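Now for the letters of each chain:
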Amino acid sequence: MTAVLQARHLGKRYRRRWALSECTLDVPAGRVVGLVGPNGAGKTTLLSLAGGLLTPTAGTIEVCGGRPGADRAQLARVGFVAQNTPTYARLTVADHLKLGARLSPRWDAGLARQRIQRLGLRSDQQAGSLSGGQRAQLALTVALAKRPELLILDEPVAALDPLARREFLEDLRDATAEQELSVVHSSHLVSDIERVCDHLIVLVASRVRLAGDVRELLATHRVVTAPRLDPAALPAGLHVVSADHTDRRTTMLVRSDSGVDDPAWMTSPVSLEDLTLAYMSQSVPVSEALR
Amino acid sequence: MIWLTWRQFRTQATVAFGAVVVILAALAATGPHLAHLQQTRGDRFLDGIGGLETNLYLGTVLALLVLPALIGMFWGAPLVTRELDAGTHRLAWTMTTRTRWLVAKLGLIGLAAMAASGLLGLAVTWWAGPIDKAIAARNGAPGPGFLLFPRLAPEVFDSRGIVPIGYAAFFFVLGVTIGILVRRTLPAMAILGVLFVAIQITMSMAVRPHLTAPERITTTISSHNMLNINMFDHVTVTIDEPGAWLAAQQTVDAAGRPAAVPSWFVDCVGRSEQERQACFAKLAHLGYRQQVTYHPAGSFWSIQRNETALYLGLTLLLAGFGAWWIRRLSR
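From a predicted model like this one, the values you see are computed outputs, not experimental measurements.

Trainee: Any chance you could explain the overall build of chain A here in plain terms?
Mentor: Helix and strand content of chain A: 10 helices and 13 strands. The C-alpha atoms of chain A give 21 Å as radius of gyration, which agrees with the globular expectation for 291 residues (19 Å, within 12%). When the backbone C-alpha atoms are referred to their principal axes, chain A occupies close to 65 × 40 × 35 Å. The buried share of chain A, taken over its 291 residues, is 51%. Relative to all contacts within chain A whose residues are 6 or more apart in sequence, the contacts with residues 24 or more apart total 68%. Here chain A has roughly 13600 Å² of accessible surface; of this, 47% comes from carbon and sulfur atoms.

Put into structure tokens, the structure is as follows:
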């Protein structure tokens, strides 16, 4: 697995508060990676470090083989859509494309024009008068037309209404399918990630709780309902991620590479959301077992 | 990057240069008449200056006095903070390096500020030339109305010659740098305003007198050259140097030590002309003299040049510091 983003013991401190500490993770190349975690997990800090907006206090981070924000060549390799998708309110849509064209060595003017047309944006419209959804689309267009190797999206839909949110994510999915690029997309909502991502990283308190291919994760995890039993008495090869006991029954989320075959048990597939929440609420990191 | 800067700045630039053009037009329309008056009226020229010209004279002096503060507050301070507030720095700084971004902004807007101030400063210097010359010819005695100061005097110096160029560059970059440091627009504007007043006063009182070597002269105090005695019994005189800036003066006694004039002399000033003459003669006989440190009118351009160079040098240092600091900014 080649990594498009590689962090080792990465840390960022603001005065006395660590926003991110001892973060070690690999983002595989060529995937659309969803980065989920509760608020304050360090997602924005991690992505800002990857975009070169912040410099690490500790550890190292490498993006597309270089130091983030080191020079123009490095900046050209990474497309960055920041939180709340900022655009210049007084500049028109056409101005934003012109800005991208002037600053990006690999600017794809055709792609930019096409996207603006398809999205139905008027090119003489000021960005300040666009709806939140349109502004996010414009920011995404500028980032995509840079033809980056890695596209970073920091909660791009956090401020959007449900409809605009869905439109944006569908457009993002189509766009990433057309271009050969790696994507890291952060959100605190698993449903957003589920629409577009094929790889999941769960970040809790700067640590990776879970990382893996979405389909693989769903295939190896099962919700098991069984008569009350002691988790310690489980057969080998089964790992309990979370367990919920009532007087007579036990409901568990288990991970197994071989499948679950006790006839006394009822098994059912797990949703990505339940899976993620189970790992997020865990107190002990289990990601090591999944590497 | 220059394109983006221009695109963001062009409205403000149009307004500013529009105002400059209006002022230049007013000066061009009234300047020749002023020069004509000076030639035909001679000594009575200053008394005959009309309301329009007086207003223009005062207006341009005031405008050029506060212009650097306005540039620093409205072009400088918000330059970076506005982007931080809107989050657009995340768009810009992930597309181009912060250094290039800042250099383009400082370069283009700084040059515009310098051009506007320089144009105004030189135009006003030309327009007010006849008035400045007539005031200088009064040899230290204040002119009528508001036409009081020679152009080397601190009240007028800032609005003449090429120093407005240096001020514009310096206070623009100072505003930007304060913005980078405090990261909020209104506090940055307020800090710049306070610093502007402090720096300009320090400059005219403490630094400018040393920008060229001053001349010194020791003269007797006479009824011709004495201007006034203040409440601390300090005497002020004029010297026979048209348009000179009297930076400092001090009464000395026969031994050459700094001294106040004797109290009998102070009492004597209000008396009849004959008695006054006797007082002045007695003062001179006792060996009291006035030591005057001054810059002759001929030093005007060398002081202008040195002060402008000083401000431009500080501007470059400040810009370097700002560029270094903005790279450390964690936003």
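Trainee: Teacher, can you tell me more about the packing of aromatic side chains here?
Mentor: How two aromatic rings sit relative to each other is set out by the distance from centre to centre and by the angle between their planes. Residue and element names in this part refer to chain B. Enumeration over the complete set of coordinates arrives at 14 aromatic pairs over all chains. Relative to F300, the ring of F157 lies with its centre 5.7 Å away and its plane at 75 degrees, an arrangement referred to as edge-to-face. Linking F157 in helix α7 (residues 154-157) with F300 in helix α12 (residues 300-328), this pair joins segments that are 143 residues apart in sequence. Each member of the pair F157 and F300 is classed as buried.

Trainee: Hey, could you run me through the packing of helix α5 (residues 132-145) of chain A against helix α6 (residues 162-178) of chain A in this one?
Mentor: Two numbers describe a pair of packed helices, the interaxial angle and the distance between the axes. All names here are of chain A. The interhelical angle for the contact between α5 and α6, taken along N-to-C directions, is 15 degrees, at an axis separation of 10 Å. As summarised for this structure, α5 and α6 are arranged roughly parallel, according to the angle between their axes. In this structure, α5 crosses over α6, and the sense of that crossing is right-handed. Here G133, A136, Q137, L140 and L144 of α5 lie close against α6, whose contacting residues are A164, E167, F168, D171, L172 and A175. Taken together, the residues of the contact of α5 with α6 sort by class into 7 nonpolar, 2 polar and 2 charged.

Trainee: Honestly, the sheet that holds strand β11 (residues 238-245) of chain A in this entry has me stumped. Any pointers?
Mentor: What links the strands of a sheet is backbone hydrogen bonding, and the strands pair in either a parallel or an antiparallel sense. Residues and elements named next belong to chain A. Spatially, the 4 strands line up as an open sheet ordered β11-β12-β10-β13, and their pairing is antiparallel. Only two strands of the sheet have a single partner each, and these edge strands are β11 and β13 (266-269). Adjacent strand axes in the sheet meet at a mean angle of 25 degrees, parallel and antiparallel pairs treated alike. Bridge count between strand β10 (residues 221-227) and strand β12 (residues 249-256): 7 bridges; the pairing is antiparallel.

Scoring rules and cut-offs
- Residues numbered from 1 in each chain as written.
- Chains lettered and ligands numbered in written order.
- Predicted model: local features only at pLDDT ≥ 70, side-chain atom pairs only at ≥ 80, totals over all residues.
- Heavy atoms only, no water.
- Helix = DSSP H or I, 4+ residues; strand = E, 2+ residues; numbered from the N terminus.
- Rg over C-alpha atoms; globule rule 2.2 N^0.38 Å.
- Buried < 20%, exposed > 50% of the residue type's maximum accessible area, 1.4 Å probe, protein only.
- Contact = heavy atoms within 4.5 Å.
- Areas by Shrake-Rupley, 256 points an atom, 1.4 Å probe, with all protein chains shown as cover.
- Phe/Tyr/Trp six-rings, centres within 6.5 Å; stacked < 30°, edge-to-face > 60°.
- Axes fitted to C-alpha atoms, helices over the stretch in contact; angles between N-to-C directions.
- Parallel < 35°, antiparallel > 145°, perpendicular 65-115°, else oblique.
- Left-handed = near helix turned anticlockwise from the far one by under 90°.
- Nonpolar A, V, L, I, M, F, W, Y, C, P; charged D, E, K, R; others polar.
- Pairing = 2+ DSSP bridges.

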